[in-house]
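For reference, the chains in residue letters:
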Amino acid sequence: MNSYGKDYWDFTEYRDKKALIKYPAMMVAPMQEQLLLDILEFDPDIKNILDPFAGSGTVLAAGNNLNLNTYGIDINPLAILISRVKLEGVPEENIRESIAQLKTYITLFLGNTDLFEFTNIRKWFREDIIADLSILRKAIICEKNKQIRRFFWVCFADTIRKYSNTRSTTFKLHVKEKEKIETMDNDCIQYFVNKVSTLYIDYIKETDKTNINLFTGNSLEILKNFSDNSIDLICTSPPYGDNHTTVTYGQYSILPLLWIDLNDLDEFDVTMLEKFTAIDRMSLGGHYNLEQFEVEIVYNDLIKEISEKKAKKVVYFINDYCKVFEELARILKKGKRLVLTLGNRRVDNHEFPFDILNDRLANRYGLIEEAKLTRNIQGKRMPVKVSNIPNLGSVKSMSKEYIKIYRKN
Ligand SMILES: C[S@@+](CC[C@H](N)C(=O)[O-])C[C@H]1O[C@@H](n2cnc3c(N)ncnc32)[C@H](O)[C@@H]1O
């Protein structure tokens, strides 16, 4: 894997112009596919794959294309919706007719649809945009096929992010300047219809749904239901523990989640929708669970440079992450692999060596490192400047990440 040459794993040529929807820290799909192909060539005896932090389902979609039985977990219901659409696709026999009907409904509902409401909706959307999104929402609900509705919802979610009053330069919710809001063009109906009409073709699939296992919830809990030595390959990019500050998966997803019909999402704890910060708080490292807290002596040296307040957050994240790692090591079959794509974020302008932490955990749970690949992070998957620290100025986010391959002994 290292022999491909310098920068091979960057996949610089790749630009996903036709992305169904953007998701924070989204993995580059062809890179992930190549990675799986290489691993399968080396070990053809892989039947199933697990991504415990599935996000928008890039790894799982690659696994599904290679006919693997897929298992995916994410705490964010929007992530699981996107993953479902990528894996299950839309049925060929109905999709064209459904799109034609969708357009008819939109025309029919123009000018005579009640405005959709939720608390503070006018802070996040302009009145005319609320009117148009309400029409789209009503038209999507008229579709009879759930798989197709879900595809429409994901296109709708992307439309919602684009036409909301939030800034596009950050994953956090930040209202744009008044002038920018007032001058924003409203062609959201056209945007949505175009998206649906051009992308559906890539999602036509005949899938065996019994091979698709997706769970909305906390990995820490859900992994407990997996048997020991049951998984052939675990491949994931874990969160970095900055879900409150930088890569706020939950905040990024909350506006779409408030609009989408909950009946079409997998079951989840709806208290997540009560506060914009709730999903991120429930995510790995986002909550302080004092009862379960135990300082891990082995990691103390990794955090000693960081200010006390931030160190506490890092320690909580590590504490959660260690437990997930232990579960992953338990359910992985002997001789099989754990593949992690991860980066070393900066906390208080000190690099937090997440790669070293993973090496120590691997060592502790009987996994050996087989490979470490380095790749430069392209484009806008991560904001370039992420935070400001007194006296130190702005802090750059990471530009490099590692793909680490461990094998269970
Ligand atoms: C780096 S992202 C994965 C991105 C993914 N590789 C993609 O291509 O879209 C990490 C994911 O972990 C999820 N996550 C964070 N804490 C979690 C937890 N405790 N249980 C399950 N998922 C969690 C986040 O919602 C986020 O989607």
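Residues numbered from 1 in each chain as written. Predicted model: local features only at pLDDT ≥ 70, side-chain atom pairs only at ≥ 80, totals over all residues. Heavy atoms only, no water.

J.: I tried to follow the nonpolar core on my own but got confused; where do I start?
T.: Soluble, globular proteins show a tendency: their nonpolar side chains are buried together. Counting residues in each nonpolar core, the largest one holds 64 residues, and the members touching the most others are F125, F151, F192 and W259. Among the secondary structure elements, those contributing two or more residues to this core are α3 (77-88), α4 (92-109), α5 (121-124), α6 (127-141), α7 (146-163), α9 (188-199) and α11 (249-259). With ten residues, α7 is the largest single contributor of residues to this core. Setting aside residues no more than four positions away along its own chain, W259 makes contact with F116, F118, I121, F125, I130, L133, S134, R137, W153, F156 and I160. Grouped together as the second largest cluster of nonpolar side chains are 42 residues, F226, V314, Y321 and A362 included. (Core = buried A, V, L, I, M, F, W, Y, C linked by side-chain atoms within 4.5 Å. Buried < 20%, exposed > 50% of the residue type's maximum accessible area, 1.4 Å probe, protein only. Helix = DSSP H or I, 4+ residues; strand = E, 2+ residues; numbered from the N terminus. Contact = heavy atoms within 4.5 Å.)

J.: Mind showing me how you'd approach the sheet that holds strand β11 (residues 400-408) here?
T.: Note: strands within a sheet are paired through backbone hydrogen bonds, in either parallel or antiparallel orientation. With respect to topology, seven strands assemble into an open sheet ordered β3-β2-β1-β4-β5-β11-β8, the strand pairing being mixed. Looking at strand neighbours, the two that pair on one side only are β3 (212-216) and β8 (367-376), the edges of this open sheet. If you compare each strand with its neighbour and ignore which way they point, the axes differ by 15° on average. Alignment of strand β1 (residues 48-51) against strand β4 (residues 231-236), held across two bridges, turns out to be parallel. In the sheet register, L50 faces β4, and the bridge partner there is I234. Its contacts with the sheet place α3 against β2 (69-74) and β3, and it is angled at close to 170° to β3. (Pairing = 2+ DSSP bridges. Axes fitted to C-alpha atoms, helices over the stretch in contact; angles between N-to-C directions.)

J.: Honestly, the environment of D232 in this entry has me stumped. Any pointers?
T.: By the secondary structure assignment, D232 is in strand β4. For D232 and F53, which are 179 residues apart along the polypeptide, the C-alpha to C-alpha distance reads 17 Å. The residues touching D232, leaving out its near neighbours within four places in the chain, are D45, I46, K47, N48, L332, K333, K336 and R337. Among the polar contacts listed, one links the side chain of D232 to the side chain of K333, at a separation of 2.6 Å. (Polar contact = N/O pair within 3.5 Å; in protein donor to acceptor, adjacent residues only side chain to side chain.)

J.: Honestly, the site of the ligand in this entry has me stumped. Any pointers?
T.: As a structural note, the neighbourhood of the ligand is formed by 22 residues, with Y23, M27, S56, T58 and D74 the closest of them. Between S56 and the ligand, the recorded distance is 2.7 Å, taken from a side-chain N or O atom to an oxygen atom. Within the backbone of S219, an N or O atom sits 2.9 Å from a nitrogen atom of the ligand. Here the ligand loses 99% of its free accessible area of 610 Å² to cover by the protein chains. Of the residues that constitute the shell around the ligand, the class distribution is twelve nonpolar, nine polar and one charged. (Near = heavy atom within 4 Å. Areas by Shrake-Rupley, 256 points an atom, 1.4 Å probe, with all protein chains shown as cover. Nonpolar A, V, L, I, M, F, W, Y, C, P; charged D, E, K, R; others polar.)

J.: I keep staring at the domain arrangement of the protein and nothing clicks. Help me out?
T.: By a widely used convention, the size of an interface equals the accessible area lost when the partners come together. Taken as a whole, the protein is organised into domain 1 (2-89 + 205-242 + 283-408) and domain 2 (92-203). Between domain 1 and domain 2, the C-alpha centre-to-centre distance is 31 Å. Facing the 19 residues of domain 1 at the interface are 14 residues of domain 2. Overall, the association of domain 1 and domain 2 removes approximately 1,500 Å² of surface from exposure, summing both partners, and the carbon and sulfur fraction of that is 65%. On the domain 1 side of the contact with domain 2, K18, L20 and V85 bury the most area, a combined 35% of that side's loss. Joining domain 1 to domain 2, the criterion identifies one salt bridge. A salt bridge links R150 to E88; the nearest nitrogen and oxygen atoms lie 3.8 Å apart. Counting across the domain 1 and domain 2 interface gives six residue pairs in polar contact (both at pLDDT 80 or more). Looking at the side of domain 1 that touches domain 2, its residues break down into ten nonpolar, one polar and eight charged. (Domains from an automatic or database assignment. Buried area = accessible area lost by both parts, 1.4 Å probe. Salt bridge = Lys/Arg side-chain N within 4 Å of Asp/Glu carboxyl O.)

J.: It is not clear to me how the pattern of salt bridges should be interpreted in this structure. Could you clarify?
T.: Any two side chains of opposite charge can pair, on the condition that their charged atoms come close. Applying the stated criterion across every chain yields a total of 27 salt bridges. A salt bridge links D264 to R149; the shortest N-O distance between them is 2.7 Å. In this pair, D264 is assigned in the loop between α11 and α12 (278-282) and R149 in helix α7, connecting sequence segments 115 residues apart. The class of D264 is buried, set by a relative accessible area of 2%. For R149, a relative accessible area of 15% translates into the label buried. The structure contains a network of salt bridges with shared partners spanning D43, D45, K47, K336, R337, E370 and R407.

J.: Where do I start with the side chain of R149 in this structure?
T.: Of the polar contacts made by the side chain of R149, one reaches the side chain of D264; its length is 2.7 Å. Among residues more than four places away in sequence, those in contact with R149 are I140, I141, E143, K144 and D264.

J.: Help me out: how do you make sense of helix α15 (residues 354-364) in this one?
T.: Residues lying three or four places apart along an α-helix face the same way, a consequence of the helix completing one turn every 3.6 residues. Those residues of α15 that fall on the buried side of the exposure criterion are F354, D355, L357, N358, L361 and A362. Viewed end-on, α15 has its buried residues packed into an arc of 160°, placing them on one side of the element. Contacts from the buried residues of α15 go to α13 (300-303), α14 (308-331), β5 (332-342), β8 and β11. G366 sits one or two residues past α15 and shows a positive phi near 75°. (Arc of directions from axis to C-beta.)

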